[in-house]
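Examination of the molecular architecture
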Amino acid sequence: MSGPDLLAPEALERARDEALAAFTAAPTLESLAAARTAHIGDRSAVARARKAIGSLPGTEKADAGKRVNVAASAVQEAFEQRKRALEQERDQRVLLEEAVDVTVLPPRRRGARHPLTTLSERVADVFVAMGWEVAEGPEVEHEWFNFDALNFGGDHPAREMQDTLFVEPAGSGLVLRTHTSPVQVRSMLDRELPIYVICPGRVYRADALDATHSPVFAQVEGLVVDEGITMAHLRGTLDHLAVALFGSVGDGKGIRTRIRPNYFPFTEPSAEMDLQCFACRGASAQPGGEPCRVCSSEGWIEWGGCGMVNPTVLVACGIDPERYSGFAFGMGLDRTLMFRHDLHDIRDIYEGDLRFTSALGSEV
Amino acid sequence: MRVPVSWLRTLVPDLTASADDIAAALVRVGLEVEQVHRVGHDISGVVVGEVLDVEELAGFKKPIRFCHVSVGDAVHDVVCGATNFAAGDRVAFATPGAVLPGDFRIATRQTYGHTSDGMICSAAELGLSGDPDGILVLPVDSPLGADVVELLALRDEVLDIAVTPDRGYQLSVRGVAREAASAFGLALADPGLAETPSADSDGFVVRVDAPEACDRYVARVVTGLDPAAQSPAWLQRRLTLAGMRPISLAVDVTNTVMLELGQPLHAFDLAALRGAIVVRRAAAGERLVTLDGQDRALDPGDLLITDDSGPIALAGVMGGGPTEVTAATRSLLIESAHFAPLSIARTARRHRLPSEASRRYERGVDPALAAAAAEAAVRLLVTLAGASAGVVTDVDTRAPQPILVLPAAAPGRLAGRDYAPQVVRRRLEDVGCTVAGDDPLAVTPPSWRPDLTGRAELIEEVLRLEGYDTIPVVLPTAPAGRGLSAEQRLRRKASRSVAAAGFVEVVLPPFVSPESLDALGGGMDPPRVLNPLSAQEALLRPTLLPGLLAAVARNVSRGLVDVAVYETGHVFVGPGGTAPPTPGVDGPPTAEQRAALDGALPPQPRHVGVALAGGPASWDAAVGALVELGGALGLTLQPRAVEAGPDLHHPGPYHPGRSAELLLDGGRVGLAGELHPRVCVALGLPARTCAGEANLDALVAAAAAAGPQPAPVVSHFPPASVDVALVVRRNVPAAEVEAALRKGAGELLEAVQLFDVYTGAQVGEGRRSLAYTLRLRAADRTLTDVEVLAARDSAIAEAGRRAGAVLRS
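Per chain, residues are indexed from 1 in the order of the written sequence. Note on labels: chains are lettered from A, ligands numbered from 1, in written order. Thresholds applied to this predicted model are a pLDDT of at least 70 for local features of residues and 80 or more for the giving and counting of side-chain atom pairs; totals over whole chains, interfaces and linings are not thresholded and use all residues. Excluded from the side-chain calculation are hydrogens and water; included are all heavy atoms of the structure.

Okay, the overall build of chain A next. Runs of E in the DSSP output that reach at least two residues are strands. Runs of H or I that reach at least four are helices, and both are numbered from the N terminus. Assigned secondary structure in chain A consists of 14 helices and 10 strands. For the radius of gyration, the atom set is restricted to C-alpha positions; the globular benchmark scales as 2.2 Å times the number of residues to the power 0.38. Against the globule reference of 21 Å for 364 residues, chain A gives a C-alpha radius of gyration of 42 Å, more extended than a compact globule. Principal-axis analysis of the C-alpha atoms places the extent of chain A at approximately 125 × 55 × 45 Å. With a 1.4 Å probe rolled over the protein chains alone, any residue whose accessible area is under 20% of its type maximum counts as buried; one over 50% counts as exposed, and the rest are partly exposed. Burial status across chain A gives 55% buried among its 364 residues. The contact criterion used is simple: two residues touch if any of their non-hydrogen atoms lie within 4.5 Å. Long-range pairs, those at least 24 residues apart, make up 67% of the contacts in chain A between residues at least 6 apart in sequence. Under the convention used here, a 1.4 Å probe and the Shrake-Rupley method define accessible areas, while residue burial counts only the protein chains that appear. Surface summary for chain A: the accessible area is close to 16100 Å², and the carbon and sulfur share equals 51%.

Turning next to the state of the cysteines. Residues and elements named next belong to chain B. Put simply, a disulfide is two cysteine sulfurs that come within 2.5 Å. In total, this model carries zero disulfides over all chains according to the counting rule given. For the unlinked cysteine Cys67, the closest cysteine sulfur is that of Cys80, found at 5.7 Å. Taking the relative accessible area as the measure of exposure, Cys67 reaches 0% and is therefore buried. Given the relative accessible area of 6%, Cys80 is considered buried.

At the interface, 103 residues of chain B touch 98 residues of chain A. The quantity reported as buried area is the accessible area (1.4 Å probe) lost by two parts once they are put together, taken as the sum for both. Where chain B abuts chain A, roughly 8000 Å² becomes buried across the two surfaces, and 60% of that area is made up of carbon and sulfur atoms. It is Tyr468, Pro476 and Val507 of chain B in chain B that bury the most area against chain A; as a group they hold 8% of the surface buried on that side. We count a salt bridge whenever a side-chain nitrogen from Lys or Arg sits within 4 Å of a carboxyl oxygen from Asp or Glu. At the boundary of chain B and chain A, one finds 13 salt bridges. Arg594 of chain B is the partner of Asp190 of chain A in a salt bridge, and the nearest nitrogen-oxygen pair spans 2.8 Å. By the criterion applied in these results, polar contacts are pairs of N or O atoms within 3.5 Å in which, for protein atoms, one can donate a hydrogen and the other can accept it, and in which residues neighboring in sequence qualify only through two side-chain atoms. At the junction of chain B and chain A, the tally comes to 35 residue pairs in polar contact (both at pLDDT 80 or more). For the side of chain B that touches chain A, the residue count by class is 56 nonpolar, 20 polar and 27 charged. Residues are grouped as follows: Ala, Val, Leu, Ile, Met, Phe, Trp, Tyr, Cys and Pro are nonpolar; Asp, Glu, Lys and Arg are charged; every other residue, Gly included, is polar.

Glancing now at the pattern of salt bridges. In the structure shown here, the tally under the stated rule is 76 salt bridges over all chains. For Asp274 of chain A, the salt bridge identified is with Arg258 of chain A, shortest N-O distance 2.8 Å. Of this pair, Asp274 of chain A sits in strand β8 (residues 267–276) while Arg258 of chain A is found in strand β7 (residues 257–264), placing the two residues 16 residues apart along the sequence. Take Asp274 of chain A: its relative accessible area is 2%, and that puts it in the buried class. With a closest N to O distance of 2.8 Å, Arg296 of chain B and Asp292 of chain B form a salt bridge. Judged by relative accessible area, which is 38%, Asp292 of chain B ranks as partly exposed. Salt bridges linked by common partners bring Asp166, Arg167, Glu179, Arg449, Asp451, Glu460, Glu461 and Arg464 of chain B together as one network.

Now for helix α17 (residues 619–632) of chain B. All names here are of chain B. Working rule for helices: expected span equals 1.5 Å times residues minus one. For α17, spanning 14 residues, the distance from its first C-alpha to its last is 20 Å, which sits close to the expected 20 Å at 1.5 Å a residue. Taken together, the buried positions of α17 are Ala622, Val623, Ala625, Leu626, Leu629 and Gly630. Burial along α17 is one-sided: seen end-on, the buried residues are contained in an arc of 150°. Looking at the residues trailing α17, positive phi occurs at Gly634, about 85°. Here the arc refers to the set of directions running from the helix axis out to each C-beta atom.

All names here are of chain B. Taking strand neighbours across the sheet as the criterion, the five strands line up as β13-β16-β19-β20-β21 in an open arrangement whose pairing is mixed. Among the strands making up the open sheet, the edge pair consists of β13 (206–208) and β21 (318–319). DSSP calls a pair of strands paired once it identifies at least 2 bridges connecting them. Pairing geometry for strand β19 (residues 303–307) and strand β20 (residues 310–314), over four bridges, is antiparallel. The residue bridging Leu304 from the neighbouring strand is Leu314, located in β20.

Attention shifts here to the sheet that holds strand β2 (residues 140–142) of chain A. Residue and element names in this part refer to chain A. Ordered by their spatial adjacency, three strands build an open sheet running β2-β4-β3, and the pairing between neighbours is antiparallel. Of all strands in the sheet, those with a lone pairing partner are β2 and β3 (165–166), marking the two edges. Examined bridge by bridge, β3 and strand β4 (residues 174–176) share two bridges and lie antiparallel to one another. Bridged to Phe166 within β4 is Val175.

Residues and elements named next belong to chain A. Counted residue by residue, strand β9 (residues 300–309) has nine buried out of 10 residues, so it is predominantly covered. The sheet contact formed by β9 and strand β10 (residues 325–332) spans five bridges and is antiparallel. Residue pairing for β10: Cys306 is matched across the bridge by Phe329.

Let us now look at the nonpolar core. Take the buried Ala, Val, Leu, Ile, Met, Phe, Trp, Tyr and Cys residues and link them wherever side-chain atoms come within 4.5 Å; each set so joined is a nonpolar core. The biggest cluster of nonpolar side chains holds 107 residues, and the ones touching the most others in it are Trp132, Trp303 and Phe329 of chain A together with Leu8, Leu159 and Leu428 of chain B. In this structure, Val221, Leu270, Ile344 and Val365 of chain B belong to the second largest nonpolar core, which totals 35 residues.

Its location among the elements puts Asn255 of chain B in helix α6 (residues 249–261). Apart from residues no more than four positions distant in its own chain, Asn255 of chain B is found in contact with Leu239 and Met244 of chain B.

Turning to the environment of Gly804 of chain B, a few remarks are in order. Residue and element names in this part refer to chain B. For Gly804, the location among the structural elements is in the loop between α21 (785–803) and β39 (806–807). Sequence separation between Gly804 and Val737 is 67 residues, and the spatial gap between their C-alpha atoms is 8.8 Å. Beyond its immediate sequence surroundings of up to four residues, Gly804 is in contact with Val727 and Ala799.

Moving on to the domain arrangement of chain B. Residue ranges for the domains originate in an automatic or database domain assignment. Domain annotation of chain B identifies domain 1 (2–40 + 156–189), domain 2 (44–151), domain 3 (206–396), domain 4 (404–466), domain 5 (486–581 + 591–706) and domain 6 (720–807). Of note, the centres of domain 2 of chain B and domain 4 of chain B, computed from C-alpha atoms alone, are 58 Å apart.

Working definition: rings of Phe, Tyr and Trp (its six-membered ring) pair if their centres are within 6.5 Å, and the pair is stacked with planes under 30 degrees apart, edge-to-face with planes over 60 apart, and tilted otherwise. What the rule picks out here adds up to 15 aromatic pairs over all chains. Centre to centre, the rings of Tyr204 of chain A and Phe511 of chain B are 6.1 Å apart; their planes meet at 75°, and the pair counts as edge-to-face. With one member in each of two chains, Tyr204 of chain A in strand β5 (residues 195–204) and Phe511 of chain B in strand β28 (residues 511–512) form a pair that bridges those chains. The structure contains a cluster of three or more aromatic residues connected by ring pairs, namely Phe127, Trp132, Tyr196, Phe327 and Phe329 of chain A. Just above the ring of Phe79 of chain A sits the side chain of Arg36 of chain A; from NZ or CZ to the centre is 5.5 Å. Over the ring of Phe85 of chain B we find Arg65 of chain B, and its NZ or CZ is 4.7 Å from the ring centre. In this scheme, Lys NZ or Arg CZ marks a charge over a ring once it lies within 6 Å of the ring centre and within 35 degrees of the ring normal.

A few words on the packing of helix α20 (residues 734–745) of chain B against α21 of chain B. Residues and elements named next belong to chain B. A fitted line through C-alpha atoms represents every axis, and for helices the fit uses only the stretch in contact; the resulting angles, taken between N-to-C directions, go from 0 to 180 degrees. α21 packs onto α20 with a crossing angle of 140° between their chain directions and a minimal axis gap of 7 Å. Considering the angle they form, α20 stands oblique to α21. The chirality of how α20 crosses α21 is right-handed. Contacts between α20 and α21 involve Glu736, Val737, Ala739, Ala740, Leu741, Lys743, Gly744 and Ala745 on the former and, on the latter, Ala791, Ser794, Ala795, Ile796, Glu798, Ala799, Arg802 and Ala803. Residue classes in the contact of α20 with α21 are distributed as 10 nonpolar, two polar and four charged. What sets the label is the angle itself: under 35 degrees gives roughly parallel, over 145 gives roughly antiparallel, 65 to 115 gives roughly perpendicular, and the rest give oblique. Handedness of a helix crossing follows the sense of rotation of the near helix relative to the far helix, less than a right angle counterclockwise being left-handed and clockwise being right-handed.

What follows deals with the packing of helix α11 (residues 421–430) of chain B against helix α12 (residues 455–466) of chain B. All names here are of chain B. At their nearest, the axes of α11 and α12 sit 9 Å apart, and the two run at 100° to each other. By the angle class used here, α11 and α12 are roughly perpendicular. Across from Val423, Val424, Arg426, Arg427, Leu428 and Asp430 in α11, the residues of α12 making contact are Leu458, Glu461, Val462, Leu465 and Glu466.

All names here are of chain A. With respect to the helices and strands, the residue Thr118 is situated in helix α6 (residues 115–128). You can call Thr118 buried: its relative accessible area is 6%. Discounting chain neighbours no more than four positions away, the residues touching Thr118 are Arg113, Glu363 and Val364.

Further remarks concern the pairing of strand β6 (residues 216–226) of chain A. Residues and elements named next belong to chain A. Most of β6 sits out of view: 11 of its 11 residues are buried. Side chains Val216, Ala218, Val220, Gly222, Val224 and Asp226 project from β6 onto one buried face, and the interleaved Phe217, Gln219, Glu221, Leu223 and Val225 project onto a second face that is buried too. As judged from the 10 bridges shared by β5 and β6, these two strands associate in the antiparallel manner. The residue bridging Arg202 from the neighbouring strand is Ala218, located in β6. Relative to β10, β6 is paired through eight bridges, and the arrangement is antiparallel. If you follow Val225 over to β10, its bridge partner there is Gly326.

Printed below as a string of structure tokens:
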């Protein structure tokens with residue numbers, strides 16, 4: 001077919017139709033590529049028609065060009081369309097073939113922090129947020145810090161209250177601290193006034209291990225020494241911690257604490273502190289209330305001890321009791337942990353079974 | 001202290017509140033009422049009966065009686081095994097359907113060939129003390145058919161009160177009654193204020209040679225005691241309810257006075273005394289056989305009651321055998337004394353002899369009470385045993401009560417609320433203080449409150465009696481704080497880093513056995529607990545490993561297959577120091593005293609330890625966890641093989657070829673790796689258990705000291721990568737080669753990565769090939785090929801010099 005024949009409208013339509021048919025018929029991207037060479041390539045009818053335009057007389061060139069362009073773009077578009085279709089088919093096939101069972105994850109050890117650690121940090125953070133600081137001290141402690149400075153006289157029966165583990169050499173006065181209160185003494189001796197500190201740590205008592213006693217347990221104590229500190233401040237602080245750890249109730253009132261008179265050598269006045277039962281919120285103790293297992297239907301749970309720092313202790317730590325007053329409180333972190341997680345055996349905390357830690361590892 | 005509520009009511013006559021309300025009121029003012037025991041509430045259907053006739057049944061192994069008992073409107077047939085009654089006696093008769101303590105239900109039954117239609121009760125069966133074999137014979141005027149529970153007042157409640165060490169006065173019905181009276185605003189009928197006879201000039205001779213330990217000694221002579229006299233039922237019942245066993249009239253009388261007033265009394269057999277009573281300290285070598293039969297060597301610190309024969313009692317703790325009151329005793333010397341708490345506490349502890357008396361003396365007995373208590377005992381003996389009151393001795397060297405000054409506003413100032421001055425005054429008077437002046441108040445504490453020694457103690461009395469629940473709730477405002485210290489933040493980060501590496505935190509007791517340390521190589525000298533909970537585990541851990549490895553073994557034994565645990569905590573290195581003289585508490589310790597106190601403590605750094613077994617456990621997980629921890633703190637911990645001895649002995653419990661010491665700036669801060677196979681066997685651990693431990697305090701200190709890191713220059717120019725394969729002797733650590741490459745490549749080196757290790761014929765025996773990619777980059781330009789090659793060649797040359805490396809051909 002000579003050049004002008006190629007440019008005939010019928011010829012161009014035929015070339016276009018043949019191209020479209022060839023593309024549609026191509027089953028794969030490879031056969032489509034071959035069809036492209038045949039129908040779009042340099043030797044294709046459309047390409048040859050475009051070349052033939054040059055041999056036409058000037059007046060016909062514009063029309064012929066227009067016809068070729070229309071045919072060429074139709075062919076090109078048909079090719080692109082088919083190519084997209086075939087690529088989509090291929091992608092779908094490949095993606096299907098590559099599918100995996102997403103429920104099969106390679107084994108990976110998941111670590112966890114112990115809930116006692118996270119609880120201790122949580123308590124510390126509550127106080128740090130109020131401007132308090134975290135104080136620390138040794139676990140093998142000298143009796144002067146653990147007892148004497150805290151107004152436990154040498155033969156005071158109160159020393160008998162706490163079953164002390166003594167450390168050799170005999171008569172050295174070394175003990176495993178029976179409470180974190182020696183950290184309070186160290187804080188008062190070493191820090192600038194006013195003092196607002198929280199002291200979390202491990203403490204030791206000569207208690208046989210059973211479901212509710214461990215010879216090693218964790219305590220957290222707080223100490224404030226400042227001018228004008230009152231027992232009202234102690235109550236405010238305890239309520240704040242209770243809400244921070246156990247939340248507030250729906251009526252907007254926080255969970256509360258109450259204090260009852262008690263005796264500790266290092267505080268005067270002294271008090272026992274109870275936490276409103278976070279499970280029944282005290283409802284079980286009301287007439288007709290549903291029984292509560294957490295608080296044995298008493299409405300309150302014993303949480304720790306507290307009081308106003310005994311002036312004798314301030315004096316032993318070099319603080320003028322005429323100018324300064326203070327309060328202190330302490331509670332068992334284990335006990336708090338047991339409340340929060342409905343744990344009934346303290347041994348679970350100290351046994352090192354990783355199932356225990358792992359289950360509570362999401363605590364923050 | 002067990003206080004029968006019926007007894008309490010005799011001292012607060014207007015107290016009508018229920019036992020539960022009394023308990024609640026006492027709790028509110030600070031008494032720890034642990035329990036309210038109810039007695040007699042479980043008895044019903046027992047009435048007064050009269051025995052109409054008694055028929056002895058023959059032919060049984062023991063005496064058996066068949067009786068008829070009238071209860072007024074009916075007559076019951078009863079079989080009874082007791083013999084201590086006769087026709088005409090009034091008895092406690094349990095009718096069919098009656099219930100006795102312990103849910104013991106009485107029904108009609110056939111026994112010994114007769115129908116027994118009820119039961120004649122013994123005292124014990126009604127919850128009373130008394131002869132368990134004989135039945136309880138009631139007074140003849142007991143009304144027939146009357147309810148025995150009502151008649152004998154068998155129903156009662158007992159308050160079980162835990163007494164804190166400062167509140168000795170609560171170890172008496174009198175002390176608890178005082179609290180109850182003030183709680184309910186009622187009058188107290190104080191038996192401690194009873195009239196007492198004055199001392200006789202010819203009283204029994206008593207000399208106190210240790211006035212610092214005994215400032216009051218009242219002695220009363222009682223004669224003409226009827227040895228056959230028994231404690232009446234009401235007295236026995238009081239003692240039983242209060243938790244003491246009735247013994248004999250004389251002992252029961254001294255005990256009941258002690259329970260009511262809190263004053264311990266001691267009764268000597270007057271006939272057994274030789275000469276005057278002397279109160280003194282023990283002399284060296286003296287001995288005493290106490291009432292419990294123990295022959296005790298006395299300490300010069302022990303306070304004694306003596307006569308011409310020597311020691312006759314450990315004062316305030318326990319009497320001696322020879323002067324003990326017996327069934328034949330007809331005359332007594334009753335001692336009612338005040339001993340210093342400390343002296344009694346020491347003696348009771350020294351001889352391991354806690355007694356009802358020592359418990360009270362240790363916590364402080366009212367010294368003003370001695371005469372009244374002795375008088376109460378004498379009166380009871382006169383009434384109950386037909387005795388006559390004899391001469392009175394009273395050695396009294398008491399110091400006057402101190403007067404404390406209390407600004408009227410002080411209680412309010414400490415509480416954070418106001419108390420009216422008259423409220424302050426009234427509350428102090430409630431507890432027995434004498435108050436003079438308006439402001440400040442001059443307060444004289446009562447003799448029974450030795451714990452009221454200062455302002456704070458007086459303030460507590462006002463606050464607790466007004467109620468702690470009336471104190472407002474105010475959150476204090478602390479000055480701006482500095483947050484957690486750098487060390488505290490770093491410790492948290494370190495712990496999170498190990499957890500992120502797949503380890504599960506455990507918290508373990510720090511007590512270990514010498515064997516567990518020996519199994520790890522020994523050579524450690526940690527502090528020992530003098531009174532350990534377990535004799536086997538008396539040492540304080542010098543390393544975290546024994547606990548961690550035991551935890552691994554426990555987890556494995558429970559069927560867990562992939563166990564990785566870690567712990568951070570104190571270890572105790574080396575023994576503590578010798579005792580410095582303990583400073584006083586009148587002020588802060590001096591710098592020297594403080595240094596001595598702190599210097600006596602054993603070093604107790606925090607460590608971090610890891611242990612893992614099973615599944616994919618391998619040495620590199622243990623070493624890696626600690627290296628990563630260092631990295632999290634911004635520290636580079638360099639692992640290095642530890643030189644093993646000729647017998648492949650290794651410091652610590654590790655496999656000599658699969659463990660590393662971890663170096664920080666050239667100093668060792670930890671060890672980690674696979675455990676020695678022998679250690680795994682010895683400790684029952686799975687083969688190839690791995691572990692590691694580092695000094696967390698040292699790491700944290702180094703990290704905290706480093707301060708803020710300078711920011712890097714992040715170059716935006718393209719990197720150039722070159723690979724080098726080097727052949728080295730097999731024992732040259734890769735770390736050494738890498739260090740040489742870093743140094744040789746110089747500042748253009750951005751990263752170096754080992755990507756292949758090859759051993760085999762191609763590199764020769766005893767050698768290996770290490771292939772590295774060096775990534776080079778400059779901050780300010782694209783590197784030229786010449787620069788890249790120069791850096792590469794310099795790196796190879798340095799590796800050759802320092803590690804004997806040659807380029808692999």
